[in-house]
Amino acid sequence: MSRDGLVATLGPVRQVAWLTEDLEAATGQWRRLAGIGPWTVYRNVALLGTYKGAPVQVMMDVALSYQDELQIEIIRPHGSGPSPYHDEAGRVRVGMHHIAWLVDDVAAAREQAVKGGLETLLEAEAGGGATRVAYLQAPDDPAILLELIEATPATVEGFTAGVAAARTWDGISAGPEFDFAA
């Protein structure tokens, strides 16, 4: 899409995400090589929704940190799919995965994106609706996904707290960890 298309209307990219098979190694590498931290880790996150039109529940561990206003997300999916995190053989699609924007209304932004020529890959929520997302792809270039994240109060609060934590990080200490299976 051109700069005057859908992406221009969404504002700045707020998140860049990678997939990994080893969350601890990935966050350690980001800390050592890029000076990014602290990492807030969420274990056993359940993402519920539809993937390619079929019901899906994806379990994952997620680590979040920030560089200025940009959230860095690292996802370690559990299992072997089907999901946007696995290839057709069920392997984790290790590497760069998506870029994301915060939007006021995921459903409305997704509808606008579809009208603009993108395809919906996943619509889902986590935390009982505290986080709502949609993944989109260009039909002619599905390698990198585009994510819309609804700017719910909990999401905006998480971004604000994460940015503040990164700005005052001592370069050593680990961030908090939450386990939703507990």
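Above this note sits the structure.
Here's what I pulled together on the structure shown here. Note that the coordinates shown come from a computational prediction; the quantities given were computed from them, not determined experimentally.

## What to know about the pairing of strand S6 (residues 119–126)
Thought 1: Note that strand S2 (residues 40–51) and S6 share 4 bridges and pair antiparallel. In the strand pairing of S6, Gly49 is matched with Ala124.
Thought 2: Bridge count for S6 against strand S7 (residues 131–138) is 7 bridges, and the pairing is antiparallel. Bridge assignment links Ala124 to a residue of S7, and that residue is Val133.

## Brief notes about helix H2 (residues 23–34)
Thought 1: In this model H2 runs 16 Å from its N-terminal to its C-terminal C-alpha over 12 residues, within 8% of the 16 Å that 1.5 Å per residue would give.
Thought 2: Of all the residues in H2, the buried ones are Leu23, Ala26, Thr27 and Gly28.
Thought 3: On its buried side, H2 packs onto S2, strand S3 (54–67) and strand S4 (70–77).
Thought 4: Put simply, Asp22 is the residue that caps the front of H2, since its side-chain oxygen is 3.3 Å from the backbone nitrogen of Glu24.
Thought 5: Gly35 sits one or two residues past H2 and shows a positive phi near 70 degrees.

Parameters and conventions
Residues numbered from 1 in each chain as written. Predicted model: local features only at pLDDT ≥ 70, side-chain atom pairs only at ≥ 80, totals over all residues. Heavy atoms only, no water. Pairing = 2+ DSSP bridges. Helix = DSSP H or I, 4+ residues; strand = E, 2+ residues; numbered from the N terminus. Expected span 1.5 Å × (residues − 1). Buried < 20%, exposed > 50% of the residue type's maximum accessible area, 1.4 Å probe, protein only. Contact = heavy atoms within 4.5 Å. Polar contact = N/O pair within 3.5 Å; in protein donor to acceptor, adjacent residues only side chain to side chain.

What is shown is where atoms sit, not what they do.
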